[in-house]
Amino acid sequence: DLTRPIGPAAAEGLRRALREHRLLLVRGQDLDDDHHLAFAAVFGRVASEGGGPIGVVSNTRPDGILGADRATWHADFTFFPDPYEALSLYGLDIPPGGTRTLFVDAVLAARSLPDHLRNKVEGLQGRAVLAFDGGSLTDGVRHRLGRRDDATVFQLRPVLWPHHATGEPILAVWEQQTDALLPLDPADGDALLAELFAHLYQPAHTYEHRWASHDLLLWDNHALQHARPAVGTDHPRTLRRVCVGADQDLAAFAAARAAGAAP
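Here's a quick rundown of the structure. It should be emphasised that the depicted structure is a prediction, and the values quoted were computed from it without experimental measurement.

1. Section: the overall build of the protein chain
Secondary structure summary: the protein chain contains 7 helices and 15 strands in total. Every one of the 263 residues in the protein chain was classed for burial, and the buried ones make up 48%. Look at the contacts in the protein chain between residues 6 or more apart in sequence, and 84% of them connect residues 24 or more apart. Approximately 12,000 Å² of the protein chain is accessible, and the part contributed by carbon and sulfur atoms is 53%.

Now the structure itself:
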């Protein structure tokens, strides 16, 4: 019952469950902002994004993000040094016909990576970029920066990236954000990315969540990626959003990167 205080034993059980399963689902509880914040705080520091810790994903509300378009596979803020550790969404308005969010387990994908691909990615780094073109959410990273490192907002990390808490390898390539595998030339990098994406986004690694009203989802933003189909605007689709981890300040990071002060 998340309307009641979460004691130490229950909190540790929830953290252990997240480490093991990487996604938690609580159904059928009427939770206000404070209940949602208290649940998220079990897993770490609640982040402030923009004006505060509460955000809204909505196709109809003026304060909502993402709108009605589909979103390709991604994890939030992978182009920053420290992406959010966990994300959570709560179903406020669910369309009568339902709505879906898709998840892929990049830890499982790393664990099942065939040897020939594991050998190919040894020593490579993926570059996650913030793509400023309007199609980045729906079409993946459509432009290539080549082998230049003058993009304002990007992050390099190993293709097999150790998880910050467990040390398990994560297959750290994202359809929406990874634009290059370095130091490969663009043609070879694109070919290898296609192989990695084919392995990563197979049905055996995915979970499709079909939302019901009052669903609360919380997942590991490093270990899992998420996506969604287009939701349209015929019916409201509104999810409350709370994030766990470091605050993400795009303007400050871009300025620091431009000045050579950001990692």
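2. Looking at the sheet that holds strand S11 (residues 178-182)
Strand order across the open sheet formed by 3 strands is S8-S7-S11, with antiparallel pairing between neighbours. Both outer strands of the open sheet, strand S8 (154-158) and S11, are each paired with one neighbouring strand and no more. Between one strand axis and the next, the sheet turns through 25° on average, direction left out of account. As paired strands, strand S7 (residues 125-129) and S8 are joined by 5 bridges and run antiparallel to one another. Among the inter-strand pairings, Gln125 is bridged to a residue of S8, identified as Pro158.

3. Quick look at a nonpolar patch on the surface
On the surface, a cluster of nonpolar side chains totalling about 220 Å² of accessible area is made up of Ile65, Leu66 and Leu137. Mapped onto the elements, Ile65 comes out in strand S3 (residues 65-66).

4. Concerning the packing of aromatic side chains
Enumeration according to the criterion identifies 10 aromatic pairs in this entry. Taken together, a centroid distance of 5.1 Å and an interplanar angle of 10° make the contact between Trp73 and Tyr201 stacked. Of the two residues, Trp73 sits in strand S4 (residues 71-74) while Tyr201 sits in the loop between helix H6 (186-200) and strand S12 (206-210), which places them 128 residues apart along the sequence. Take Tyr201: its relative accessible area is 18%, and that puts it in the buried class. Note on Phe79 and Phe80: the rings are 5.4 Å apart at their centroids and 90° apart in plane angle, and the pair reads as edge-to-face. Accessibility assignment for this pair places Phe79 and Phe80 in one class, buried. Three or more aromatic residues link up through ring pairs in this structure, and these residues are Phe77, Phe79, Phe80 and Tyr84.

5. With respect to the pattern of salt bridges
The final tally for this structure, using the stated rule, is 13 salt bridges. Close ionic contact of Arg45 with Asp247 constitutes a salt bridge, the shortest N to O distance being 2.9 Å. On the criterion of sequence distance, the pair formed by Arg45 in the loop between helix H2 (33-41) and strand S2 (55-58) and Asp247 in the loop between strand S15 (238-244) and helix H7 (250-258) is long-range, its members being 202 residues apart. Each of Glu12, Arg15 and Arg19 takes part in a single network of salt bridges with overlapping partners.

6. What to know about the sheet that holds strand S5 (residues 86-93)
Spatially, the 6 strands line up as an open sheet ordered S1-S13-S5-S15-S2-S3, and their pairing is mixed. Strands at the two margins of the open sheet, each flanked by one partner only, are strand S1 (23-26) and S3. Pairing of S5 with S15 involves 7 bridges; the strand directions are antiparallel. When the bridges of S15 are listed, Ser88 appears paired with Val242.

7. Quick look at the side chain of Arg241
Tracing the backbone through its elements, the reader meets Arg241 in strand S15. Using a relative accessible area of 8% as the deciding quantity, one classes Arg241 as buried. A polar contact of 2.7 Å, which involves the side chain of Arg241, links it to the side chain of Asp76. Setting aside residues up to four positions removed in sequence, Arg241 forms contacts with Glu49, Pro53, Ile54, Gly55, Val57, Ile65, Asp76, Phe77, Tyr84, Leu87, Ser88 and Leu89.

8. Looking at the nonpolar core
Val159, Leu171, Val173, Leu181, Leu192, Leu196 and Leu200 are the most contacted members of the largest nonpolar core, which has 28 residues in total. Broken down by element, this core gets its largest block of residues, 5 residues, from H6. Apart from the residues within four sequence positions on either side, Val173 is in contact with Val159, Thr178, Leu181, Leu193, Leu196, Phe197, Leu200, Tyr201 and Gln225. Core analysis: the second largest hydrophobic core is formed by 19 residues, Leu89, Phe103, Val153 and Trp219 among them.

Basis of the calculations
Residues numbered from 1 in each chain as written. Predicted model: local features only at pLDDT ≥ 70, side-chain atom pairs only at ≥ 80, totals over all residues. Heavy atoms only, no water. Helix = DSSP H or I, 4+ residues; strand = E, 2+ residues; numbered from the N terminus. Buried < 20%, exposed > 50% of the residue type's maximum accessible area, 1.4 Å probe, protein only. Contact = heavy atoms within 4.5 Å. Areas by Shrake-Rupley, 256 points an atom, 1.4 Å probe, with all protein chains shown as cover. Pairing = 2+ DSSP bridges. Axes fitted to C-alpha atoms, helices over the stretch in contact; angles between N-to-C directions. Patch = residues over 30% accessible without salt bridge, like charges linked within 9 Å, V, L, I, M, F, W, Y side chains within 5 Å. Salt bridge = Lys/Arg side-chain N within 4 Å of Asp/Glu carboxyl O. Phe/Tyr/Trp six-rings, centres within 6.5 Å; stacked < 30°, edge-to-face > 60°. Polar contact = N/O pair within 3.5 Å; in protein donor to acceptor, adjacent residues only side chain to side chain. Core = buried A, V, L, I, M, F, W, Y, C linked by side-chain atoms within 4.5 Å.

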